[in-house]
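The primary structure of each chain is shown beneath.
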Amino acid sequence: MYPIIDAHTHIEGLPGCDWQDPPELILRLLDEAGIARAVVMTYVDAPMEHEGYEPLAYVREAFQRYPERLIGFARLDPGHAEAPALLEQAVREWGFQGLKLHPFGYRQMPDSPDTLKLLRKAAELGVPTLFHCGDEEYTLPLQLERAAKACPEAKLIFGHMGGYFHVHDAIAVAQRCPNVWLETSATPHPERIREAVEALGAERVIFASDGPGCDPGIELKKVQMLGFSEQQLRLILSENILRLLPESL
Amino acid sequence: MSTLDFHTHLGTSIFGYGQTLEALLERMDRLEIAQAVVIPVQPLDYHLSPENDAVAMAVLQAPQRLIGFARVDPRQGEEAEMELERCIRHLGFKGLFLHPWEETCPINSAPVQALMSVVKRLKIPVMISGGHVRVSMASQIADLASAFPEITFIATSGGQINISGVALSEATQMLKENPNVYLETSGIYREDFIEDLVPQIGIERLLFGSNSPEFSQELEVLRPRMAHLSPSERNAILGENARRLLGFH
């Protein structure tokens, strides 16, 4: 048997944030679903000015408390001049294993100079970048494609693989860009996941839930109900994400 | 076998999806779904009236299992009113379904408002394909619902289909401010949206619907069945609320 890895989940402790999700919540849902480990990140970008709360410290504390279960990704705002240095420190000193970007939140195109600088830093550090890839401007697959092409050395995971209405665009972009992987969370069309596997091979599709908001148990069944072979499931549920993480190198 | 799927479609849609009665019933058997609301698709020739007839024929073939809803295009004015009246009085349909996105007709526009006088007279619920930008966002559904407080509306996907979660608060506000609006669960972003609504608006206005075949019935039925709610709350969403709304008990 292989460990099932959930490549996109959230924890959050920012006072006043609508979504208060301590690490124990996602761990409980992972246990229910039989998922061994999860990539965790906050809902808010670092760095942020908030006395008494530092998102990267919150994530770091979580994966240090649960080192066998949680893998930290640093969610950053590329518009901050210190973002590349912060990523370097997060990876080299604190043990983070990836970068998360949600361009709809910080309102920069995925191929903005600031973003490309950060993507190149991630590539230099040997960590993947998980992009939110949905139905809004700044996050559309065809916009992310420009970043993938401008920075071919960066390994990009398209979280939600295009959301509700842009999955076919995401598959087409991944066909054109070998440095792109598609991630299955929250998209409500299981059949499109099968299409992605047929178009790209199981090596390019990664299971994730976007938990705890989306239930990891339901998201896992969404992938398991598609009739993939054991070898395909092993890649999608475990090996593909592990190969992208620096811990595997 | 008490699950009732409040939202399925029969026929071949111009938008590239479709299913036959046989396929629907076979899947319902497999998933232990006892009953379903069946609704026409928008066909290749844009004539909804024959599609309403086809759905009525399907209901005749499985009267214990299927409940027909009429579909009309509000822009057709008096013709739409007459077709709705025909569907309810002669075909035995139990409600009206409007797809503001596929019919390109904003849900709070004059043609829809005009149709509501017939709806009021017929005393039927109105299901709205919700969450589509420009035509059926939660605020637009709320606008219609507050103008017609005596009519029961059902917003599919809770009136929000956005994978960033930016439409969640508006959908919650729509449900809180308009006790005549029900939520249907298909394709909903974040299962915890459903769970978190229960203490805010109660359980009575939540309805399981799959929006099959556009969404996957196999996946959609997992959302209520695996929800972190009590067994009685899950049963309410899975069928009891629907049967009460439709006057079955």
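Our subject is the structure that appears above.
Let me begin by describing the structure that accompanies this report. Note that this is a predicted model, so its numbers are computed, not measured.

Going through the model one piece at a time under the given rule, you end up with 31 salt bridges over all chains. We note a salt bridge from E145 of chain A to R176 of chain A, for which the minimum N-O separation is 2.7 Å. With E145 of chain A in helix α6 (residues 141-150) and R176 of chain A in helix α7 (residues 167-176), the pair connects residues that are 31 residues apart, well separated along the chain. Given a relative accessible area of 9%, E145 of chain A falls into the buried group. Measuring nitrogen to oxygen at the nearest pair gives 2.9 Å for the salt bridge that ties R89 of chain B to E85 of chain B.

Right, let's get into the side chain of D77 of chain A. All names here are of chain A. Structurally, the position occupied by D77 is in the loop between β3 (70-75) and α3 (83-92). Lacking a salt bridge, the buried D77 has R75 as its closest oppositely charged neighbour, with an N-O distance of 9.6 Å. Side-chain polar atoms of D77 contact the backbone nitrogen of G79, separated by 2.8 Å. Ignoring anything within four residues of it in the chain, the contact list for D77 reads D45, A46, A83 and Y106.

Below, the discussion takes up the interface of chain B and chain A. Counting residues at the interface gives 24 residues for chain B and 30 residues for chain A. Summing the contributions of chain B and of chain A, the shared interface buries around 2,200 Å²; its carbon and sulfur component is 65%. In this structure, the connection of chain B to chain A is made through zero salt bridges. Here chain B and chain A share twelve residue pairs in polar contact (both at pLDDT 80 or more) between them. For the side of chain B that touches chain A, the class distribution of residues is ten nonpolar, seven polar and seven charged.

Let's shift gears to the side chain of E136 of chain A. Mapping E136 of chain A onto the fold places it in the loop between β5 (129-132) and α6. Among buried Asp, Glu, Lys and Arg side chains, E136 of chain A stands out as unpaired, with R107 of chain A the closest opposite charge at 8.8 Å. Here the side chain of E136 of chain A touches H132 of chain A through a polar contact of 3.4 Å, side chain to side chain. Look past the residues within four positions of E136 of chain A in its chain and what remains in contact with it is F104 and Q143 of chain A together with N162, I163 and S164 of chain B.

So, on to unusual backbone geometry. Across the junction of G211 of chain A and P212 of chain A, the peptide omega takes the value 5°, indicating a cis bond. Assignment of secondary structure puts P212 of chain A in the loop between β8 (205-206) and α9 (216-224). Here the bond from S212 of chain B into P213 of chain B is cis, since omega is 5°, no more than 30 degrees from zero. With respect to the helices and strands, P213 of chain B occurs in the loop between β9 (206-207) and α8 (217-220). Non-glycine residue H160 of chain A carries a positive phi angle of around 75°. Assignment of secondary structure puts H160 of chain A in the loop between β6 (156-159) and α7.

With that settled, the discussion passes to helix α10 (residues 231-245) of chain B. Residue and element names in this part refer to chain B. The end-to-end C-alpha distance of α10 is 20 Å, a good match for the 21 Å that 15 residues give at a rise of 1.5 Å each. Of all the bends in α10, the greatest, near 55°, is centred on I237. Turning to α10, its buried residues are A236, I237, L238, G239, N241, A242, R243 and L245. Phi turns positive, to about 75°, at G247, one or two residues after α10.

As a further point, take the pairing of β5 of chain A. Residue and element names in this part refer to chain A. Judged by which residues are buried, β5 turns out to be covered on both faces: T129 and F131 on one side and L130 and H132 on the other are all buried. In the sheet, β5 pairs with β6 via four bridges, with the strands oriented parallel. Looking across to β6, one finds that T129 is bridged to L156. The handedness of the β5 to β6 crossover, carried by α6, is right-handed.

A separate point is the packing of aromatic side chains. The full count for this structure, using the stated rule, is five aromatic pairs over all chains. Ring plane angle 55° and centroid distance 4.9 Å describe the contact between W19 of chain A and Y43 of chain A, whose orientation is recorded as tilted. Taken together, the residues span a long stretch of sequence, with W19 of chain A in the loop between β1 (5-10) and α1 (23-33) and Y43 of chain A in the loop between β2 (37-41) and α2 (55-65) at a distance of 24 residues. With a centroid separation of 5.7 Å and 50° between ring planes, the pair formed by Y53 of chain A and Y58 of chain A is classed as tilted. On the basis of relative accessible area, Y53 of chain A is assigned to the buried category, the value being 8%. Over the aromatic face of F104 of chain A sits the side chain of R107 of chain A, whose NZ or CZ is 4.5 Å from the ring centroid. In this structure, R190 of chain B packs its charged tip against the face of W19 of chain A, placed 3.7 Å from the ring centre.

Scoring rules and cut-offs
Residues numbered from 1 in each chain as written. Chains lettered and ligands numbered in written order. Predicted model: local features only at pLDDT ≥ 70, side-chain atom pairs only at ≥ 80, totals over all residues. Heavy atoms only, no water. Salt bridge = Lys/Arg side-chain N within 4 Å of Asp/Glu carboxyl O. Helix = DSSP H or I, 4+ residues; strand = E, 2+ residues; numbered from the N terminus. Buried < 20%, exposed > 50% of the residue type's maximum accessible area, 1.4 Å probe, protein only. Lys, Arg positive; Asp, Glu negative; His and termini not counted. Polar contact = N/O pair within 3.5 Å; in protein donor to acceptor, adjacent residues only side chain to side chain. Contact = heavy atoms within 4.5 Å. Buried area = accessible area lost by both parts, 1.4 Å probe. Nonpolar A, V, L, I, M, F, W, Y, C, P; charged D, E, K, R; others polar. Expected span 1.5 Å × (residues − 1). Bend = angle between axes of the 7 residues up to and from the residue. Pairing = 2+ DSSP bridges. Right-handed = clockwise from strand over helix to strand, strands pointing away. Phe/Tyr/Trp six-rings, centres within 6.5 Å; stacked < 30°, edge-to-face > 60°. Lys NZ or Arg CZ within 6 Å of the ring centre and 35° of its normal.

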